[in-house]
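So you can see what is in the structure, the chains are spelled out below.
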Amino acid sequence: MRQDVVDLHRFYASTLGQAARRLIRRRLRLMWSDVRGLRVLGFGYATPYLRPFIGEAERVMAFMPAQQGCVHWPAGEDNHVALTEETMLPLPDSSVDRILVVHLVEHTDSMRRLMRECWRVLTPNGRIIVVTPNRSSLWSWSESTPFGFGHPHSVTQLQNLMRENMFLPVQHSRALFIPPTRRRFLLRWSQAFENIGSRLFKAFAGVSIVEAGKQLYASTGTPARKRRLVHIPVTVPPLRPADGNRQHFDDTASQCDDLHHLQDAADNAQTRKSCQTGK
(Lines give C-alpha, C1' and ligand atoms only; values in the text may rest on other atoms or scores of the structure.)
Protein backbone atom coordinates (compact mmCIF):
# COMPACT_ATOMS: atom_id res chain seq x y z
CA MET A 1 0.00 0.00 0.00
CA ARG A 2 1.42 3.36 -1.09
CA GLN A 3 0.80 6.38 1.12
CA ASP A 4 -0.67 9.54 -0.37
CA VAL A 5 1.37 12.72 -0.60
CA VAL A 6 -0.93 14.31 1.99
CA ASP A 7 -0.05 11.60 4.54
CA LEU A 8 3.66 12.00 3.82
CA HIS A 9 3.47 15.77 4.17
CA ARG A 10 1.57 15.43 7.46
CA PHE A 11 4.13 12.98 8.88
CA TYR A 12 7.13 15.21 8.15
CA ALA A 13 5.31 18.14 9.74
CA SER A 14 4.99 16.21 13.03
CA THR A 15 7.63 16.12 15.76
CA LEU A 16 8.53 12.50 14.94
CA GLY A 17 8.80 13.31 11.23
CA GLN A 18 11.05 16.29 11.91
CA ALA A 19 13.33 14.10 14.05
CA ALA A 20 13.45 11.43 11.30
CA ARG A 21 14.21 14.06 8.68
CA ARG A 22 17.04 15.53 10.74
CA LEU A 23 18.68 12.15 11.45
CA ILE A 24 18.43 10.82 7.88
CA ARG A 25 19.51 14.13 6.38
CA ARG A 26 22.67 14.06 8.49
CA ARG A 27 23.63 10.66 7.04
CA LEU A 28 22.93 11.81 3.50
CA ARG A 29 24.98 14.94 3.96
CA LEU A 30 27.97 12.86 5.05
CA MET A 31 27.71 10.89 1.80
CA TRP A 32 27.21 13.95 -0.41
CA SER A 33 29.25 16.60 1.35
CA ASP A 34 29.93 18.61 -1.80
CA VAL A 35 27.45 18.98 -4.67
CA ARG A 36 28.70 22.30 -6.05
CA GLY A 37 27.97 22.60 -9.75
CA LEU A 38 26.01 19.32 -9.84
CA ARG A 39 22.44 18.59 -10.87
CA VAL A 40 20.50 16.86 -8.09
CA LEU A 41 17.23 14.96 -8.57
CA GLY A 42 14.96 13.75 -5.79
CA PHE A 43 12.68 10.87 -6.80
CA GLY A 44 9.67 9.63 -4.83
CA TYR A 45 9.08 11.85 -1.80
CA ALA A 46 12.57 13.20 -1.29
CA THR A 47 11.81 16.89 -0.73
CA PRO A 48 12.36 16.75 3.08
CA TYR A 49 16.01 15.85 2.37
CA LEU A 50 16.78 18.18 -0.57
CA ARG A 51 16.78 21.52 1.22
CA PRO A 52 20.54 21.48 2.14
CA PHE A 53 21.44 21.16 -1.56
CA ILE A 54 19.55 24.28 -2.69
CA GLY A 55 21.95 27.13 -3.25
CA GLU A 56 24.92 24.78 -3.53
CA ALA A 57 23.98 22.51 -6.45
CA GLU A 58 23.59 23.89 -9.95
CA ARG A 59 20.01 22.66 -10.04
CA VAL A 60 17.71 20.78 -7.64
CA MET A 61 14.60 19.00 -8.96
CA ALA A 62 12.02 16.71 -7.39
CA PHE A 63 9.94 14.15 -9.29
CA MET A 64 6.96 12.51 -7.60
CA PRO A 65 5.10 9.48 -9.04
CA ALA A 66 1.57 9.94 -10.27
CA GLN A 67 0.24 7.20 -7.93
CA GLN A 68 1.45 9.25 -4.96
CA GLY A 69 0.63 12.79 -6.02
CA CYS A 70 2.73 15.92 -5.60
CA VAL A 71 2.79 19.21 -3.69
CA HIS A 72 4.45 22.53 -4.32
CA TRP A 73 8.03 22.73 -3.03
CA PRO A 74 9.83 24.73 -1.65
CA ALA A 75 7.13 26.67 0.14
CA GLY A 76 7.10 30.35 -0.78
CA GLU A 77 9.58 29.89 -3.65
CA ASP A 78 9.52 28.84 -7.30
CA ASN A 79 8.25 25.30 -7.73
CA HIS A 80 10.89 22.57 -8.21
CA VAL A 81 8.48 19.61 -8.31
CA ALA A 82 7.01 17.72 -11.28
CA LEU A 83 4.50 14.88 -11.43
CA THR A 84 5.81 11.97 -13.55
CA GLU A 85 5.45 8.28 -14.23
CA GLU A 86 8.01 6.35 -12.22
CA THR A 87 9.17 4.42 -15.30
CA MET A 88 9.22 7.37 -17.76
CA LEU A 89 11.26 10.32 -16.54
CA PRO A 90 11.00 13.48 -18.72
CA LEU A 91 14.78 13.87 -18.91
CA PRO A 92 17.37 13.13 -21.61
CA ASP A 93 20.06 10.49 -21.16
CA SER A 94 22.92 11.26 -18.74
CA SER A 95 21.36 14.53 -17.58
CA VAL A 96 21.67 14.44 -13.74
CA ASP A 97 24.67 13.90 -11.45
CA ARG A 98 22.93 12.84 -8.24
CA ILE A 99 19.66 10.94 -7.67
CA LEU A 100 18.09 10.55 -4.22
CA VAL A 101 15.31 7.95 -4.08
CA VAL A 102 13.09 7.98 -0.97
CA HIS A 103 9.65 6.40 -0.33
CA LEU A 104 9.61 4.78 -3.76
CA VAL A 105 11.60 1.54 -4.12
CA GLU A 106 9.59 -0.21 -1.40
CA HIS A 107 6.31 0.60 -3.20
CA THR A 108 7.00 0.09 -6.90
CA ASP A 109 5.57 -2.78 -8.93
CA SER A 110 8.06 -2.17 -11.76
CA MET A 111 11.39 -2.39 -9.98
CA ARG A 112 13.51 -3.26 -13.01
CA ARG A 113 12.02 -0.55 -15.22
CA LEU A 114 12.30 2.01 -12.42
CA MET A 115 15.97 1.31 -11.78
CA ARG A 116 16.80 1.21 -15.48
CA GLU A 117 15.18 4.62 -15.90
CA CYS A 118 17.35 5.99 -13.09
CA TRP A 119 20.36 4.40 -14.78
CA ARG A 120 19.45 6.07 -18.07
CA VAL A 121 19.27 9.65 -16.78
CA LEU A 122 22.33 9.37 -14.50
CA THR A 123 25.66 10.63 -15.83
CA PRO A 124 28.53 8.11 -16.21
CA ASN A 125 30.23 9.47 -13.06
CA GLY A 126 26.98 10.06 -11.22
CA ARG A 127 25.78 8.64 -7.89
CA ILE A 128 22.43 7.36 -6.69
CA ILE A 129 21.28 6.93 -3.08
CA VAL A 130 18.32 4.72 -2.21
CA VAL A 131 16.63 4.92 1.19
CA THR A 132 14.21 2.15 2.24
CA PRO A 133 12.76 0.86 5.51
CA ASN A 134 14.97 -1.73 7.21
CA ARG A 135 13.43 -5.19 7.44
CA SER A 136 14.46 -5.89 11.05
CA SER A 137 13.51 -2.52 12.55
CA LEU A 138 10.58 -1.38 14.67
CA TRP A 139 9.87 1.30 12.09
CA SER A 140 8.94 -1.29 9.44
CA TRP A 141 6.32 -2.73 11.83
CA SER A 142 4.74 0.57 12.82
CA GLU A 143 2.01 1.85 10.50
CA SER A 144 2.03 5.23 12.22
CA THR A 145 4.92 6.29 9.95
CA PRO A 146 5.52 6.04 6.16
CA PHE A 147 8.34 3.58 6.84
CA GLY A 148 5.81 0.96 7.95
CA PHE A 149 4.40 0.52 4.43
CA GLY A 150 5.75 -1.26 1.39
CA HIS A 151 8.46 -3.89 1.09
CA PRO A 152 11.40 -3.27 3.48
CA HIS A 153 15.00 -4.10 2.59
CA SER A 154 18.11 -4.85 4.58
CA VAL A 155 21.37 -3.24 3.50
CA THR A 156 22.50 -6.50 1.86
CA GLN A 157 19.23 -6.88 -0.03
CA LEU A 158 19.42 -3.30 -1.21
CA GLN A 159 23.00 -3.77 -2.40
CA ASN A 160 21.99 -6.89 -4.34
CA LEU A 161 19.10 -4.99 -5.86
CA MET A 162 21.49 -2.32 -7.11
CA ARG A 163 23.87 -4.86 -8.61
CA GLU A 164 21.03 -6.60 -10.43
CA ASN A 165 20.11 -3.32 -12.10
CA MET A 166 23.53 -2.23 -13.39
CA PHE A 167 24.65 -0.17 -10.37
CA LEU A 168 27.79 -0.73 -8.34
CA PRO A 169 27.38 -0.08 -4.56
CA VAL A 170 30.16 2.11 -3.15
CA GLN A 171 29.06 2.74 0.45
CA HIS A 172 26.14 2.28 2.81
CA SER A 173 24.78 3.65 6.05
CA ARG A 174 21.89 3.29 8.51
CA ALA A 175 19.71 5.71 10.45
CA LEU A 176 16.71 5.99 12.83
CA PHE A 177 17.81 3.98 15.86
CA ILE A 178 15.23 5.69 18.05
CA PRO A 179 11.90 3.86 18.44
CA PRO A 180 8.99 5.24 16.35
CA THR A 181 7.38 7.05 19.27
CA ARG A 182 6.10 10.60 19.64
CA ARG A 183 7.14 10.94 23.26
CA ARG A 184 9.12 14.11 23.55
CA PHE A 185 11.56 12.96 26.21
CA LEU A 186 12.77 10.15 23.90
CA LEU A 187 12.97 12.45 20.90
CA ARG A 188 15.25 14.77 22.87
CA TRP A 189 17.74 11.90 23.11
CA SER A 190 17.47 10.97 19.43
CA GLN A 191 21.09 11.81 18.64
CA ALA A 192 22.31 9.71 21.58
CA PHE A 193 20.26 6.78 20.25
CA GLU A 194 21.90 7.29 16.84
CA ASN A 195 25.42 7.33 18.23
CA ILE A 196 24.93 4.18 20.32
CA GLY A 197 22.85 2.29 17.76
CA SER A 198 25.24 2.94 14.89
CA ARG A 199 27.97 1.20 16.86
CA LEU A 200 26.16 -1.59 18.74
CA PHE A 201 22.75 -2.21 17.15
CA LYS A 202 23.19 -1.75 13.41
CA ALA A 203 20.65 -4.43 12.52
CA PHE A 204 17.84 -2.47 14.24
CA ALA A 205 18.19 0.77 12.29
CA GLY A 206 14.94 2.19 10.94
CA VAL A 207 16.18 2.71 7.38
CA SER A 208 18.81 1.24 5.08
CA ILE A 209 20.82 3.67 2.94
CA VAL A 210 22.94 2.55 -0.03
CA GLU A 211 24.92 4.71 -2.43
CA ALA A 212 25.91 3.30 -5.82
CA GLY A 213 27.58 4.38 -9.03
CA LYS A 214 26.55 3.72 -12.60
CA GLN A 215 27.96 0.49 -13.99
CA LEU A 216 28.61 1.03 -17.67
CA TYR A 217 29.52 -2.56 -18.55
CA ALA A 218 27.41 -5.23 -16.91
CA SER A 219 28.97 -8.65 -16.43
CA THR A 220 27.14 -11.67 -17.79
CA GLY A 221 28.24 -13.70 -14.78
CA THR A 222 29.64 -16.67 -16.75
CA PRO A 223 32.88 -16.81 -18.77
CA ALA A 224 32.62 -17.37 -22.48
CA ARG A 225 33.44 -20.88 -23.70
CA LYS A 226 34.96 -21.76 -27.03
CA ARG A 227 32.73 -23.96 -29.15
CA ARG A 228 34.12 -27.28 -30.31
CA LEU A 229 32.71 -29.46 -33.07
CA VAL A 230 32.22 -33.10 -32.08
CA HIS A 231 31.74 -35.88 -34.63
CA ILE A 232 28.86 -38.17 -33.66
CA PRO A 233 28.38 -41.27 -35.90
CA VAL A 234 24.77 -41.80 -36.88
CA THR A 235 23.28 -44.86 -38.58
CA VAL A 236 20.63 -43.83 -41.09
CA PRO A 237 17.97 -46.51 -41.75
CA PRO A 238 16.89 -47.14 -45.39
CA LEU A 239 13.99 -45.09 -46.60
CA ARG A 240 10.66 -46.86 -46.65
CA PRO A 241 7.31 -45.67 -47.95
CA ALA A 242 4.75 -44.68 -45.40
CA ASP A 243 1.75 -46.96 -44.90
CA GLY A 244 -0.58 -44.57 -46.69
CA ASN A 245 1.74 -44.42 -49.73
CA ARG A 246 2.55 -48.14 -49.98
CA GLN A 247 -0.07 -48.86 -52.71
CA HIS A 248 1.17 -45.94 -54.78
CA PHE A 249 4.73 -47.19 -54.39
CA ASP A 250 3.77 -50.71 -55.56
CA ASP A 251 1.87 -49.38 -58.60
CA THR A 252 4.79 -47.16 -59.59
CA ALA A 253 7.24 -50.07 -59.27
CA SER A 254 5.01 -52.32 -61.47
CA GLN A 255 4.80 -49.64 -64.17
CA CYS A 256 8.59 -49.26 -64.13
CA ASP A 257 9.02 -53.05 -64.58
CA ASP A 258 6.63 -53.09 -67.59
CA LEU A 259 8.56 -50.20 -69.16
CA HIS A 260 11.85 -52.04 -68.72
CA HIS A 261 10.39 -55.15 -70.44
CA LEU A 262 9.23 -53.10 -73.44
CA GLN A 263 12.66 -51.47 -73.76
CA ASP A 264 14.35 -54.89 -73.62
CA ALA A 265 12.03 -56.26 -76.34
CA ALA A 266 12.75 -53.27 -78.58
CA ASP A 267 16.48 -53.70 -78.12
CA ASN A 268 16.28 -57.42 -79.03
CA ALA A 269 14.28 -56.69 -82.18
CA GLN A 270 16.80 -54.09 -83.25
CA THR A 271 19.64 -56.52 -82.69
CA ARG A 272 17.96 -59.30 -84.85
CA LYS A 273 17.30 -56.83 -87.66
CA SER A 274 20.96 -55.80 -87.65
CA CYS A 275 22.08 -59.39 -87.88
CA GLN A 276 19.78 -60.14 -90.87
CA THR A 277 21.04 -57.09 -92.69
CA GLY A 278 24.64 -58.18 -92.21
CA LYS A 279 23.88 -61.54 -93.81
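Chains are numbered independently. Their residues run from 1 in the order of the written sequence. With the structure being a predicted model, the display of local features is reserved for residues of pLDDT at least 70 and the display and counting of side-chain atom pairs for 80 or more, all residues being used for whole-chain, interface and lining totals. Side-chain measures were taken over the full set of non-hydrogen atoms in the model, leaving aside hydrogen atoms and water.

(A) Region of interest: unusual backbone geometry. In this model, W73 is joined to P74 through a cis peptide bond whose omega is -5°. Helix and strand definitions here come from DSSP, where helices need a minimum of 4 consecutive H or I residues and strands a minimum of 2 consecutive E residues; each element is numbered from the N-terminal end. Tracing the backbone through its elements, the reader meets P74 in the loop between strand 2 (59-65) and strand 3 (81-84). Although it is not a glycine, M166 adopts a positive phi angle of roughly 70°. Within the fold, M166 resides in the loop between helix 4 (155-164) and strand 6 (167-175). A positive phi is found at L176, a non-glycine position, where the angle reads about 65°. Among the secondary structure elements, L176 is positioned in the loop between strand 6 and helix 5 (184-187). Partly exposed describes any residue whose relative accessible area lies between the buried limit of under 20% and the exposed limit of over 50%, with all areas from a 1.4 Å probe on protein chains only and scaled to the type maximum. A relative accessible area of 0% means that L176 is categorised as buried.

(B) Geometry of the confidence of the model for the protein. Residues at a pLDDT of 70 or more form 77% of the protein, whose mean pLDDT is 84. Per-element confidence in the protein ranges from a low mean pLDDT of 54 for helix 7 (residues 246-278) to a high of 98 for strand 4 (residues 96-102). Confidence scores here are pLDDT values: one per residue, from the predictor, ranging 0 to 100.

(C) Main features of the side chain of S190. Structurally, the position occupied by S190 is in helix 6 (residues 190-200). S190 gets classed as buried once you look at its relative accessible area, which sits at 3%. In protein, a polar contact requires one atom able to donate a hydrogen and another able to accept it; more generally it is a pair of N or O atoms within 3.5 Å, and residues adjacent in sequence count only if both atoms are side-chain atoms. A polar side-chain atom of S190 sits 3.1 Å from a polar atom in the side chain of R22.

(D) Summary view of helix 4. Looking at helix 4, one finds that the buried residues are V155, L158, Q159, L161 and M162. Here the buried residues of helix 4 occupy an arc of 160° about the axis, which is enough to place them on one side. Phi turns positive one or two residues past the end of helix 4, at M166, with a value near 70°. Note: the arc covers the axis-to-C-beta directions of the helix.

(E) Focus on the sheet that holds strand 2. Only strands that DSSP links by at least two bridges are regarded as paired with each other. Across the sheet, seven strands lie side by side as 3-2-1-4-5-7-6; this open sheet has mixed pairing. The sheet terminates laterally at strand 3 and strand 6, the two strands that pair on one side only. Sheet twist, expressed as the mean angle between neighbouring strand axes with direction ignored, is 20°. Contact between two residues is taken to exist if any of their heavy atoms lie within 4.5 Å; hydrogens are not considered. Only the stretch in contact is used when a helix axis is fitted, and all axes are lines through C-alpha atoms; the angle between N-to-C directions ranges over 0 to 180 degrees. Contacting strand 4, strand 5 (122-133), strand 6 and strand 7 (207-214), helix 2 (residues 15-31) crosses the sheet at an angle of about 145° to strand 6.

(F) Broad picture of the environment of Q159. Mapped onto the elements, Q159 comes out in helix 4. Taking the C-alpha atoms as reference, Q159 lies 6.8 Å from V210; in sequence the two are 51 residues apart. In terms of polar contacts, Q159 uses its side chain to reach the side chain of H172, at 3.3 Å.

(G) Here's a closer look at the side chain of R27. Tracing the chain through its elements places R27 in helix 2. The contact partners of R27, leaving out residues within four places of it in the chain, are S173, R174, A175, E194, S198 and I209.

(H) A look at the pairing of strand 2. Where burial is concerned, most of strand 2 is hidden: six out of the seven residues are buried. Bridge count for strand 1 (residues 39-44) against strand 2 is five bridges, and the pairing is parallel. By the bridge assignment for strand 2, G42 is matched with A62. Pairing between strand 2 and strand 3: four bridges, direction parallel. Bridged to A62 within strand 3 is V81.

(I) Main features of the nonpolar core. In this description, a nonpolar core means a group of buried Ala, Val, Leu, Ile, Met, Phe, Trp, Tyr and Cys residues linked to one another through side-chain atoms lying within 4.5 Å. Counting 38 residues, the largest nonpolar core has L50, L100 and F147 as its most contacted members. Looking at this core, the elements with two or more residues in it are helix 1 (5-13), helix 2, strand 2, strand 4, strand 5 and strand 7. With seven residues, helix 2 is the single largest residue contributor to this core. Those residues in contact with L100 that lie beyond four places of it in its chain are L28, W32, L41, G42, F43, A46, Y49, L50, I129 and V131. Core analysis: the second largest hydrophobic core is formed by 25 residues, L91, I99, C118 and L158 among them.

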